[in-house]
Amino acid sequence: MTPTPQRRGELRAQPQRTGTEPTTPTPQRRGELRDQPQRARTGHTAPPAEPETIRRIVSGPRPTRGHLHVARLDGTRTIPLPELHDRATRLAHHLRSTHGTGPGHRIGILAANSLEWVLLDLAALRLGAQTAGLEPGKFTPSADLAARYDLDLLFTDQPTHGVPGVLPTDGILALTDHDTPPTTPPLPPVTWTAEAVTTVKFTSGSTGVPKGLGATAGSIDSSLTAVQEIFEHTPDDHLFVFLPLSLLQQRYWVYSALLHGHDVTVTTYEAAFAALRRVRPTVVMGVPAFYETARRQITARLRRTPGQGPGTPGQGPGTPGQDPAHAARALFGDRIRYLWTGSAPASPTVLRFFHEEARLPLYEGYGLNETCIVTKNHPGAHREGSVGRAVRGKEVLIGEDGVISVRSTHPVNNHYAYARPGDSEKVFSPDGTVRTGDLGHLDEDGYLFVHGRADDVIVLDNGKKVIVRPIEELMRADPAIAECVLFSPTQTDLVAVVSPAGAPADHEAIAARLAAVNAATTPDERISRVLVADPPFSIEGGLLTSQYKPKRPDIRAAYHAPLHSQEAGIHA
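Here's what I pulled together on the structure shown here. Remember, predicted model here, so these are calculated numbers, not experimental data.

In terms of regular secondary structure, the protein is built from 16 helices and 26 strands. Expressed as a percentage of its 572 residues, the buried residues of the protein come to 58%. Within the protein, contacts between residues at least 6 apart in sequence are counted, and of these 67% link residues at least 24 apart. Summed over all atoms, the accessible surface of the protein reaches about 23,600 Å², with 52% contributed by carbon and sulfur.

Here's what the structure looks like:
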């Protein structure tokens, strides 16, 4: 792929690239937008190589070690990875013989995290069929949904109401219980090229209708390779996953287990804290809101057990006490090697707490649906305040306007599969370079620092530009505040909408934090009023995404009247 010439004023972080350059555009499926640019061709004439990690998952040797644990509130089911491999193969046989599933078909999965979800995903890979991960709560199973996203089959854990092509997930496991009859023809060989789309994933939906994006096998291969290079997962590791499997990156850790023979637990957010000590992971894949909740739980344990330090007689090493490290291990288990966070900015308070007090390294990274993993702090390269350096296969560009762009050896794609006309051109260059819309800078060593969204820069009527993220982080540093979103309804001053951390909200603590933040900022950055959200932001209430990020447009709409009322809220 021919690199785009560097523009004047751009800074680059250029790690070594790896893999085979794509050469052939992916054939367009029914339902994809017709006005999107195709990926630029290279001068190569040889067909692209099959991504190695995908090849090993689909047609490599049967795994010999490792387990998949599916944790629920009422217990955990454990499946050895060799058995998982065999069950996925049996399900692939069933899908092919019963439904004719194969290359060119698309299977929708609208269900909570489960063993059935994992089996459907692996069976589809084995058949050369695409999946579409549909998040519960954001979609409803129907014939219209299947038609809208070109689904040949739609599996769901919700009522199917007898709609043709919409099938329940609760019968899947039984289909994999018995060996395939010896007379059954073997599954045909499948080759995933680097540019072939394995799955359609959807944006988290912080603004507007979710966009659908086809993820290429080459991008998955590149990301898995880069992560393994810096974190070196071994058969002794046990990765803990609780975010929805409809988010492609969560499936990476199942693929990683199959590749490297380690354990992986799949659970849900609701069951995550109950399952942590039970399964004793070495790695937790989380989001900042999860670690903020964990920090509060740890500090609450310490307040409930005054005077019970780690040296108190009768206490084991995992018993909470005056030492935050012991309290943290009582929550997370005693085998943690590192904690992973991304998808939204983590507050410095949380990062510092886990590194310095809990003594559990928490590594922040950066990436988008459109780019996958871009940068990551890790044990060999970690700089406080940054989101790490570019991983292998990624290149970070900073434009003259301060906006971050990302170029990849293997782009996730170069257009949306489902979006409004013109949306793709706002984000993707023809070669797959992504304009992220985030503001940032690279330091002299290539570490990326993200300052916030370009769209979230507030321009006051005096011309002053206010970047809201640092001010919001200062507000969130108080234990009484779970989230903070800043607006300027009249372009003259800042008004905050905060989601309280507890019920009832601690208005006194919030007012004290407002005063402290205003004392630490410039006059134009000071907050004039704080509105306390009631009820607190939630996914169910429509004000948080599935990755627990505030949905600014929806929050603005929900609090339109008090935002424009000078009398409402806690005043500075």
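Attention now moves to the pattern of salt bridges. Pairs can form between side chains of opposite charge once their charged atoms are near each other. For the structure on display, the rule yields 26 salt bridges. Between Arg407 and Glu395 there is a salt bridge, and its shortest N-O distance comes to 3.4 Å. Of this pair, Arg407 sits in strand 18 (residues 403-408) while Glu395 sits in strand 17 (residues 394-398), and the two are 12 residues apart along the sequence. Look at Arg407 and you get buried, because its relative accessible area is 4%. Across the pair Glu473 and Arg469 runs a salt bridge whose closest N-O atoms are separated by 2.9 Å. Here the residue Glu473 and the residue Arg469 both occupy positions in helix 13 (residues 468-476), the gap between them amounting to 4 residues, near one helical turn. We classify Glu473 as buried; its relative accessible area is 13%.

Let us now look at the sheet that holds strand 24 (residues 494-500). Neighbouring strands of a sheet are bound in pairs by backbone hydrogen bonds; such pairs are parallel or else antiparallel. With mixed pairing, the 4 strands of this open sheet are ordered in space as 23-24-25-26. Each edge of the open sheet is held by one strand with a lone partner, namely strand 23 (481-487) and strand 26 (570-571). Of the strands in this sheet, strand 23, strand 24, strand 25 (527-532) and strand 26 are in contact with helix 14 (residues 507-520), which crosses strand 25 at around 155 degrees.

Attention shifts here to helix 9 (residues 288-304). Because the α-helix completes a turn every 3.6 residues, residues three or four places apart line up on one side. Given a rise of 1.5 Å per residue, 17 residues ought to cover 24 Å, and the 24 Å separating the end C-alpha atoms of helix 9 matches this to within 8%. Along helix 9, 12 of the 17 residues are buried, which leaves the element largely enclosed by surrounding structure. Within the sequence span of helix 9, burial applies to Pro288, Ala289, Phe290, Tyr291, Glu292, Ala294, Arg295, Arg296, Ile298, Ala300, Arg301 and Leu302.

Let us now look at the environment of Val241. Locating Val241 in the fold gives a position in strand 10 (residues 238-241). For Val241, a relative accessible area of 0% translates into the label buried. For the pair Val241 and Ala71, spaced 170 residues apart in the sequence, the C-alpha separation amounts to 9.9 Å. Ignoring anything within four residues of it in the chain, the contact list for Val241 reads Gln250, Trp253, Val264, Thr265, Val266, Thr267 and Met285.

Core analysis: the largest hydrophobic core is formed by 70 residues, its most contacted members being Leu68, Leu84, Leu95 and Trp253. Beyond its immediate stretch of four places on either side in the chain, Leu68 contacts Arg77, Thr78, Ile79, Leu81, Leu84, Leu115, Val118, Val264 and Val266. Phe273, Ala289, Val497 and Ile555 belong to the second-largest nonpolar core, a separate cluster that totals 47 residues.

Counted by the stated rule, this structure contains 22 aromatic pairs. Where Phe231 meets Tyr338, the ring centres are 4.2 Å apart and the plane angle is 15 degrees; that geometry is what we call stacked. With a gap of 107 residues between them, Phe231 in helix 6 (residues 217-231) and Tyr338 in strand 13 (residues 338-341) connect regions that are remote in the sequence. Relative accessible area serves as the criterion here: at 2%, Phe231 is assigned to the buried category. With 6.3 Å between their ring centres and 90 degrees between their planes, Phe290 and Phe332 make a pair best called edge-to-face. Taken together, the residues span a long stretch of sequence, with Phe290 in helix 9 and Phe332 in helix 10 (residues 324-332) at a distance of 42 residues. In terms of burial, Phe290 and Phe332 fall into one category: buried. Linked through ring pairs, Phe240, Phe242, Tyr269, Phe273, Phe290, Tyr291, Phe332, Phe353, Phe354 and Tyr548 together constitute an aromatic cluster. Lys211 extends its terminal NZ or CZ atom over the ring of Tyr416, reaching a point 5.7 Å from the ring centre.

Cut-off values and rules
- Residues numbered from 1 in each chain as written.
- Predicted model: local features only at pLDDT ≥ 70, side-chain atom pairs only at ≥ 80, totals over all residues.
- Heavy atoms only, no water.
- Helix = DSSP H or I, 4+ residues; strand = E, 2+ residues; numbered from the N terminus.
- Buried < 20%, exposed > 50% of the residue type's maximum accessible area, 1.4 Å probe, protein only.
- Contact = heavy atoms within 4.5 Å.
- Areas by Shrake-Rupley, 256 points an atom, 1.4 Å probe, with all protein chains shown as cover.
- Salt bridge = Lys/Arg side-chain N within 4 Å of Asp/Glu carboxyl O.
- Pairing = 2+ DSSP bridges.
- Axes fitted to C-alpha atoms, helices over the stretch in contact; angles between N-to-C directions.
- Expected span 1.5 Å × (residues − 1).
- Core = buried A, V, L, I, M, F, W, Y, C linked by side-chain atoms within 4.5 Å.
- Phe/Tyr/Trp six-rings, centres within 6.5 Å; stacked < 30°, edge-to-face > 60°.
- Lys NZ or Arg CZ within 6 Å of the ring centre and 35° of its normal.

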